[in-house]
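Report on the structure
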Amino acid sequence: MNLIIVGPQASGKGTQAKLLVQKLGLAYFEAGDILREKTKENSLIGKEIDLWMNQKGKLVPDKIMVQVVAEWLDRTDLSKGVIFDGFPRVVDQYLFLRDLLKKKGLRIDRAIYLKISRSICWKRLRARRICPKCDREFNLITRPPKTDELCDDCQVGLVQRQDDTPELIKRRLKTYEEVTKPLVTLVSKEGILVEIDGEKTVEKVQQDILKHLKKI
Ligand code: AMP
């Protein structure tokens, strides 16, 4: 089963995708993490990605994204299926992915859309914390650490993500409305959209997703 998971920032895409990976054994393309890893490389492409992600808070240009995805697909075992999280975010990326998979004899079976309100997005993004040592993600509201703002694994003080400032959050949510919403409309027309209420608990959202996937 090949899936994409879409939704605004902090809608729980990563959390739900990881649970699906554990349960269904899917390969996992996590756009944000793969890009953040690239920014740590001392390469030209890494520097360019850092500029778009962390300085401008804008989407990384499609020409870079398609290169990153194509490389990843070529070195990944897709035999048990795959879930794309954070990619595609715009219609052109979706069309590119659809064509690329088609060349491999594959298709996107479902697009899981996690719907949450703008105010919940804000609250969750402002409460998001990451461990600067191991990159583990927490949320003071939905997934708090065991001890006050310390990583459960490393006991290191948690920090906010570089792009979780009010200014960049505002810009990212605007981008979502402008370019990702049309993608949701397109996959809906194609009949592969599964709309899920992302404001419920992590467990309930996961159950709802699995219930829909059983019907395939
Ligand atoms: P995320 O961790 O999913 O919130 O992504 C963080 C940042 O990575 C975004 O604000 C973009 O700069 C970049 N990014 C992630 N996915 C994509 C994508 N599909 N296309 C372009 N840029 C992306």
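Preceding this section is the structure that the text describes.
Quick look at the structure, then. Quick caveat, the model's predicted, so the values are computed rather than measured.

1. Re a nonpolar patch on the surface
- A surface patch of nonpolar side chains, amounting to about 230 Å² of accessible area, comprises Met1, Leu24 and Ile216.
- Among the secondary structure elements, Met1 is positioned in the segment before strand E1 (2–6).

2. Let's talk about the site of the ligand
- In the vicinity of the ligand, 16 residues are found, and the nearest of them are Lys58, Val60, Gly86, Arg89 and Gln93.
- Interatomic distance of 3.2 Å between a side-chain N/O atom of Arg36 and an oxygen atom of the ligand.
- Across the complex, the protein chains shield 96% of the 480 Å² of accessible surface that the ligand would expose by itself.
- Among the elements that make up the shell around the ligand, the one with the highest residue count is helix H2 (residues 31–40) (four residues).
- Looking at side-chain class alone, the shell around the ligand contains seven nonpolar, three polar and six charged residues.

3. Looking at the pattern of salt bridges
- A full pass over the atoms with the stated rule returns 23 salt bridges.
- In this structure, Lys40 engages Glu37 in a salt bridge whose closest nitrogen and oxygen atoms are separated by 3.4 Å. With Lys40 and Glu37 both in helix H2 and three residues apart, the pair spans about one turn of that helix.
- Across the pair Lys40 and Asp135 runs a salt bridge, and its minimum N-O distance is 3.0 Å. Highlighted residues: Lys40 in helix H2 and Asp135 in the loop between strand E5 (128–130) and strand E6 (137–139), separated in sequence by 95 residues.
- The class of Lys40 is exposed, set by a relative accessible area of 54%.
- Judged by its relative accessible area of 41%, Asp135 falls in the partly exposed class.
- It is possible to trace a salt-bridge network through shared partners that takes in Arg128, Glu137, Arg161, Asp163, Asp164 and Arg172.

4. Examining the state of the cysteines
- Counting across every chain of the model gives zero disulfides.
- For the unlinked cysteine Cys154, the closest cysteine sulfur is that of Cys134, found at 3.7 Å.
- Given the relative accessible area of 23%, Cys154 is considered partly exposed.

5. Some words on unusual backbone geometry
- A cis amide bond links Phe87 with the next residue in sequence, Pro88, at an omega value of -5°.
- Residue placement: Pro88 occurs in the loop between strand E3 (82–85) and helix H5 (91–103).
- In the Ramachandran plot, Glu149 falls in the positive-phi region, its phi being about 50° despite a non-glycine side chain.
- Assignment of secondary structure puts Glu149 in the loop between E6 and helix H7 (166–189).
- The partly exposed category is assigned to Glu149, whose relative accessible area is 33%.
- Non-glycine residue Gln155 carries a positive phi angle of around 60°.
- Along the chain, the position of Gln155 falls in the loop between E6 and H7.
- Gln155 gets classed as partly exposed once you look at its relative accessible area, which sits at 47%.

The rules behind each value
Residues numbered from 1 in each chain as written. Predicted model: local features only at pLDDT ≥ 70, side-chain atom pairs only at ≥ 80, totals over all residues. Heavy atoms only, no water. Patch = residues over 30% accessible without salt bridge, like charges linked within 9 Å, V, L, I, M, F, W, Y side chains within 5 Å. Areas by Shrake-Rupley, 256 points an atom, 1.4 Å probe, with all protein chains shown as cover. Salt bridge = Lys/Arg side-chain N within 4 Å of Asp/Glu carboxyl O. Helix = DSSP H or I, 4+ residues; strand = E, 2+ residues; numbered from the N terminus. Near = heavy atom within 4 Å. Polar contact = N/O pair within 3.5 Å; in protein donor to acceptor, adjacent residues only side chain to side chain. Nonpolar A, V, L, I, M, F, W, Y, C, P; charged D, E, K, R; others polar. Buried < 20%, exposed > 50% of the residue type's maximum accessible area, 1.4 Å probe, protein only. Disulfide = S-S within 2.5 Å.

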